[in-house]
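Close look at the chain arrangement
Spelled out, the chains give:
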Amino acid sequence: DGGITQSPKYLFRKEGQNVTLSCEQNLNHDAMYWYRQDPGQGLRLIYYSQIVNDFQKGDIAEGYSVSREKKESFPLTVTSAQKNPTAFYLCASSMTGDSLNEQFFGPGTRLTVL
Amino acid sequence: AQSVTQLDSHVSVSEGTPVLLRCNYSSSYSPSLFWYVQHPNKGLQLLLKYTSAATLVKGINGFEAEFKKSETSFHLTKPSAHMSDAAEYFCVVRSGGYQKVTFGTGTKLQVIP
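We now turn to the structure provided with this report. None of these values were measured; they are calculated from a predicted model. (Residues numbered from 1 in each chain as written. Chains lettered and ligands numbered in written order. Predicted model: local features only at pLDDT ≥ 70, side-chain atom pairs only at ≥ 80, totals over all residues. Heavy atoms only, no water.)

This brings us to the sheet that holds strand β7 (residues 64–66) of chain A. Residues and elements named next belong to chain A. Reading across the sheet, the four strands line up as β1-β3-β8-β7 and stay open at both edges, with antiparallel pairing between neighbours. The two strands at the open ends of the sheet, each matched to only one other strand, are β1 (4–7) and β7. For this sheet, the mean angle separating the axes of adjacent strands, direction not counted, is 20°. Note: β1 against strand β3 (residues 19–25), four bridges, orientation antiparallel. Paired with glutamine 6 across the two strands is cysteine 23, which belongs to β3. (Pairing = 2+ DSSP bridges. Helix = DSSP H or I, 4+ residues; strand = E, 2+ residues; numbered from the N terminus. Axes fitted to C-alpha atoms, helices over the stretch in contact; angles between N-to-C directions.)

Attention now moves to the state of the cysteines. In the structure shown here, the tally under the stated rule is two disulfides over all chains. A sulfur-sulfur separation of 1.9 Å characterises the disulfide bridge that pairs cysteine 23 of chain A with cysteine 91 of chain A. Linking cysteine 23 of chain A and cysteine 91 of chain A, the disulfide has an S-S dihedral of approximately -70° and is accordingly described as left-handed. Of this pair, cysteine 23 of chain A sits in strand β3 while cysteine 91 of chain A sits in strand β9 (residues 87–94), placing them 68 residues apart in sequence. Residue cysteine 23 of chain A shares its accessibility class with cysteine 91 of chain A, and that shared class is buried. There is a disulfide in this structure between cysteine 23 of chain B and cysteine 91 of chain B, and the S-S distance comes to 2.0 Å. Since a negative S-S torsion denotes a left-handed disulfide, the cysteine 23 of chain B-cysteine 91 of chain B link at about -65° is left-handed. Placement of the pair is cysteine 23 of chain B in strand β4 (residues 23–27) and cysteine 91 of chain B in strand β10 (residues 87–94), with a sequence separation of 68 residues. (Disulfide = S-S within 2.5 Å. Buried < 20%, exposed > 50% of the residue type's maximum accessible area, 1.4 Å probe, protein only.)

All right, on to the packing of aromatic side chains then. The full count for this structure, using the stated rule, is 12 aromatic pairs over all chains. Both rings, one in tyrosine 33 of chain A and one in tyrosine 35 of chain A, keep their centres 6.3 Å apart while their planes meet at 20°; by these two values the pair is stacked. Residue classification places tyrosine 33 of chain A among the buried positions, given a relative accessible area of 0%. With centroids separated by 5.1 Å and ring planes inclined at 75°, the aromatic side chains of tyrosine 35 of chain A and phenylalanine 103 of chain B adopt a geometry described as edge-to-face. (Phe/Tyr/Trp six-rings, centres within 6.5 Å; stacked < 30°, edge-to-face > 60°.)

This brings us to the nonpolar core. Grouped together as the largest cluster of nonpolar side chains are 26 residues, with contacts concentrated most on Trp35, Leu48, Leu76 and Tyr89 of chain B. It is β10 of chain B that contributes the most residues to this core, four residues altogether. Aside from chain neighbours lying at most four places away, what touches leucine 48 of chain B is Leu33, Phe34, Trp35, Val57, Lys58, Gly59, Phe63, Glu64, Ala65, Phe74 and Leu76 of chain B. In this structure, Ile4, Leu11, Val66 and Val78 of chain A belong to the second largest nonpolar core, which totals 19 residues. (Core = buried A, V, L, I, M, F, W, Y, C linked by side-chain atoms within 4.5 Å. Contact = heavy atoms within 4.5 Å.)

Taken by themselves, the reported measurements are silent on function.
This is how it looks when you write it as C-alpha coordinates:
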(Lines give C-alpha, C1' and ligand atoms only; values in the text may rest on other atoms or scores of the structure.)
Protein backbone atom coordinates (compact mmCIF):
# COMPACT_ATOMS: atom_id res chain seq x y z
CA ASP A 1 0.00 0.00 0.00
CA GLY A 2 1.24 3.48 -0.81
CA GLY A 3 0.94 6.08 1.87
CA ILE A 4 2.39 8.00 4.77
CA THR A 5 3.18 6.51 8.15
CA GLN A 6 3.82 8.39 11.37
CA SER A 7 5.11 7.00 14.61
CA PRO A 8 4.45 6.85 17.40
CA LYS A 9 0.70 7.45 17.52
CA TYR A 10 0.92 8.82 21.07
CA LEU A 11 4.00 10.36 22.69
CA PHE A 12 4.55 11.68 26.17
CA ARG A 13 7.40 13.99 27.02
CA LYS A 14 8.71 15.48 30.19
CA GLU A 15 9.51 19.16 30.23
CA GLY A 16 13.07 19.83 29.08
CA GLN A 17 13.30 16.76 26.84
CA ASN A 18 13.71 16.66 23.10
CA VAL A 19 11.55 14.17 21.21
CA THR A 20 11.58 13.07 17.57
CA LEU A 21 8.48 12.27 15.53
CA SER A 22 8.88 9.96 12.59
CA CYS A 23 7.34 10.43 9.13
CA GLU A 24 7.87 8.07 6.21
CA GLN A 25 6.27 8.04 2.76
CA ASN A 26 6.45 5.53 -0.08
CA LEU A 27 4.60 7.68 -2.62
CA ASN A 28 7.82 8.89 -4.26
CA HIS A 29 6.79 12.47 -3.50
CA ASP A 30 9.33 15.26 -3.62
CA ALA A 31 7.67 17.59 -1.12
CA MET A 32 7.03 16.88 2.53
CA TYR A 33 5.48 19.03 5.28
CA TRP A 34 4.96 19.13 9.04
CA TYR A 35 1.87 20.74 10.53
CA ARG A 36 0.71 21.36 14.04
CA GLN A 37 -3.00 21.15 14.82
CA ASP A 38 -4.58 22.80 17.85
CA PRO A 39 -8.32 22.86 18.56
CA GLY A 40 -10.15 25.61 16.66
CA GLN A 41 -7.02 26.82 14.83
CA GLY A 42 -6.82 24.69 11.71
CA LEU A 43 -3.37 23.47 10.68
CA ARG A 44 -0.24 25.58 10.94
CA LEU A 45 2.91 24.89 8.93
CA ILE A 46 6.07 24.14 10.93
CA TYR A 47 8.57 23.13 8.22
CA TYR A 48 8.50 21.97 4.63
CA SER A 49 10.97 20.32 2.30
CA GLN A 50 11.04 20.51 -1.48
CA ILE A 51 13.78 17.98 -2.10
CA VAL A 52 16.33 15.89 -0.25
CA ASN A 53 18.80 17.88 1.88
CA ASP A 54 16.68 21.00 1.66
CA PHE A 55 14.06 22.36 4.05
CA GLN A 56 12.48 25.70 4.88
CA LYS A 57 10.84 27.21 7.93
CA GLY A 58 7.10 27.57 7.95
CA ASP A 59 4.97 29.89 10.03
CA ILE A 60 5.77 28.43 13.47
CA ALA A 61 9.26 26.89 13.23
CA GLU A 62 10.61 28.15 16.56
CA GLY A 63 11.45 25.28 18.91
CA TYR A 64 11.39 22.67 16.14
CA SER A 65 14.02 21.14 13.85
CA VAL A 66 13.89 18.76 10.87
CA SER A 67 16.15 16.83 8.53
CA ARG A 68 15.64 15.40 5.05
CA GLU A 69 18.47 12.96 4.40
CA LYS A 70 16.30 10.57 2.39
CA LYS A 71 13.46 11.27 0.00
CA GLU A 72 11.05 9.08 1.93
CA SER A 73 11.80 10.36 5.44
CA PHE A 74 11.21 13.72 7.14
CA PRO A 75 11.58 13.46 10.94
CA LEU A 76 10.58 16.32 13.22
CA THR A 77 12.32 17.05 16.52
CA VAL A 78 10.43 18.99 19.14
CA THR A 79 13.06 20.64 21.30
CA SER A 80 12.88 21.90 24.85
CA ALA A 81 12.78 25.43 23.42
CA GLN A 82 9.23 24.87 22.19
CA LYS A 83 7.12 26.59 24.84
CA ASN A 84 3.84 24.78 24.32
CA PRO A 85 4.44 21.52 22.44
CA THR A 86 1.29 19.65 23.43
CA ALA A 87 -0.60 19.24 20.14
CA PHE A 88 -1.50 16.89 17.31
CA TYR A 89 1.25 16.73 14.68
CA LEU A 90 0.52 15.86 11.08
CA CYS A 91 2.99 15.01 8.36
CA ALA A 92 2.03 15.42 4.70
CA SER A 93 3.55 14.97 1.27
CA SER A 94 2.76 16.08 -2.25
CA MET A 95 4.17 15.16 -5.64
CA THR A 96 5.69 18.61 -5.94
CA GLY A 97 4.98 22.01 -4.41
CA ASP A 98 2.83 23.04 -7.37
CA SER A 99 -0.55 24.34 -6.27
CA LEU A 100 -2.31 21.78 -8.48
CA ASN A 101 -1.06 18.92 -6.34
CA GLU A 102 -2.99 17.83 -3.31
CA GLN A 103 -1.31 16.89 -0.07
CA PHE A 104 -1.55 13.41 1.39
CA PHE A 105 -1.60 13.18 5.18
CA GLY A 106 -0.33 10.67 7.68
CA PRO A 107 -2.42 9.50 10.66
CA GLY A 108 -0.79 11.94 13.08
CA THR A 109 1.11 11.84 16.36
CA ARG A 110 -0.41 13.23 19.53
CA LEU A 111 2.28 14.71 21.75
CA THR A 112 1.58 15.44 25.39
CA VAL A 113 3.98 17.20 27.71
CA LEU A 114 3.76 16.02 31.29
CA ALA B 1 -1.93 37.03 0.25
CA GLN B 2 -4.59 34.40 0.66
CA SER B 3 -7.10 33.41 3.28
CA VAL B 4 -9.96 31.00 3.80
CA THR B 5 -13.01 31.36 6.03
CA GLN B 6 -15.25 28.53 7.07
CA LEU B 7 -18.41 30.28 8.04
CA ASP B 8 -19.69 27.71 10.54
CA SER B 9 -17.66 26.06 13.26
CA HIS B 10 -20.43 23.51 13.92
CA VAL B 11 -23.21 22.17 11.70
CA SER B 12 -25.87 19.74 12.83
CA VAL B 13 -28.13 17.83 10.42
CA SER B 14 -30.47 14.89 10.65
CA GLU B 15 -29.55 11.66 8.93
CA GLY B 16 -30.90 11.64 5.37
CA THR B 17 -31.10 15.44 5.05
CA PRO B 18 -28.82 17.62 2.91
CA VAL B 19 -25.44 18.87 4.09
CA LEU B 20 -24.04 22.34 3.36
CA LEU B 21 -20.63 23.38 4.67
CA ARG B 22 -19.66 26.89 3.66
CA CYS B 23 -16.23 28.16 2.63
CA ASN B 24 -15.13 31.55 1.32
CA TYR B 25 -11.63 32.30 0.14
CA SER B 26 -9.45 35.13 -1.04
CA SER B 27 -6.34 34.83 -3.18
CA SER B 28 -4.19 37.11 -5.29
CA TYR B 29 -3.65 34.30 -7.79
CA SER B 30 -5.80 31.66 -9.40
CA PRO B 31 -6.10 29.22 -6.52
CA SER B 32 -6.58 25.53 -6.18
CA LEU B 33 -9.19 24.64 -3.59
CA PHE B 34 -9.59 21.46 -1.59
CA TRP B 35 -11.91 19.92 0.95
CA TYR B 36 -10.54 17.43 3.46
CA VAL B 37 -12.31 15.34 6.10
CA GLN B 38 -10.82 14.38 9.45
CA HIS B 39 -12.23 11.80 11.81
CA PRO B 40 -11.19 12.04 15.50
CA ASN B 41 -7.49 11.42 16.09
CA LYS B 42 -6.93 10.62 12.41
CA GLY B 43 -5.14 12.28 9.53
CA LEU B 44 -6.86 14.32 6.83
CA GLN B 45 -8.41 12.59 3.83
CA LEU B 46 -8.98 14.40 0.55
CA LEU B 47 -12.65 14.65 -0.43
CA LEU B 48 -12.29 16.68 -3.62
CA LYS B 49 -10.27 19.37 -5.32
CA TYR B 50 -10.75 22.23 -7.77
CA THR B 51 -7.87 23.16 -10.06
CA SER B 52 -9.41 25.49 -12.67
CA ALA B 53 -11.19 22.84 -14.70
CA ALA B 54 -14.92 22.17 -14.21
CA THR B 55 -16.45 24.45 -11.58
CA LEU B 56 -18.66 21.68 -10.19
CA VAL B 57 -16.39 19.11 -8.61
CA LYS B 58 -17.50 15.67 -7.52
CA GLY B 59 -15.67 13.89 -4.75
CA ILE B 60 -15.77 10.73 -2.73
CA ASN B 61 -18.67 9.54 -0.58
CA GLY B 62 -21.25 11.55 -2.53
CA PHE B 63 -19.82 14.98 -1.73
CA GLU B 64 -19.51 17.75 -4.28
CA ALA B 65 -18.51 21.41 -4.31
CA GLU B 66 -19.03 24.30 -6.67
CA PHE B 67 -16.38 26.93 -7.35
CA LYS B 68 -18.01 30.36 -7.69
CA LYS B 69 -15.44 32.96 -8.58
CA SER B 70 -17.87 35.88 -8.40
CA GLU B 71 -18.79 34.94 -4.83
CA THR B 72 -15.29 33.67 -3.90
CA SER B 73 -16.96 30.59 -2.49
CA PHE B 74 -16.36 26.85 -2.55
CA HIS B 75 -19.19 25.34 -0.52
CA LEU B 76 -19.33 21.59 0.14
CA THR B 77 -22.64 19.78 -0.26
CA LYS B 78 -24.11 16.30 -0.02
CA PRO B 79 -27.72 15.43 -0.82
CA SER B 80 -28.27 13.02 2.05
CA ALA B 81 -26.22 12.82 5.26
CA HIS B 82 -25.08 9.50 6.65
CA MET B 83 -24.02 8.80 10.20
CA SER B 84 -20.50 8.04 8.98
CA ASP B 85 -20.23 11.64 7.68
CA ALA B 86 -19.89 12.95 11.23
CA ALA B 87 -16.38 14.41 11.30
CA GLU B 88 -14.49 17.68 10.94
CA TYR B 89 -14.15 19.21 7.49
CA PHE B 90 -11.42 21.58 6.32
CA CYS B 91 -11.46 23.90 3.35
CA VAL B 92 -7.99 24.60 1.96
CA VAL B 93 -6.71 27.14 -0.55
CA ARG B 94 -3.41 26.71 -2.32
CA SER B 95 -1.62 29.08 -4.70
CA GLY B 96 1.96 29.89 -5.51
CA GLY B 97 4.80 28.05 -3.81
CA TYR B 98 5.27 25.18 -1.40
CA GLN B 99 4.31 27.09 1.69
CA LYS B 100 1.28 28.76 0.18
CA VAL B 101 -1.28 26.43 1.66
CA THR B 102 -3.91 27.93 3.97
CA PHE B 103 -6.31 25.84 6.01
CA GLY B 104 -9.66 26.96 7.31
CA THR B 105 -10.38 26.52 10.99
CA GLY B 106 -12.68 23.58 10.33
CA THR B 107 -16.38 22.77 10.54
CA LYS B 108 -17.55 19.97 12.80
CA LEU B 109 -20.46 18.10 11.29
CA GLN B 110 -22.85 16.33 13.62
CA VAL B 111 -25.35 13.87 12.16
CA ILE B 112 -28.39 13.17 14.29
CA PRO B 113 -30.07 9.77 13.88
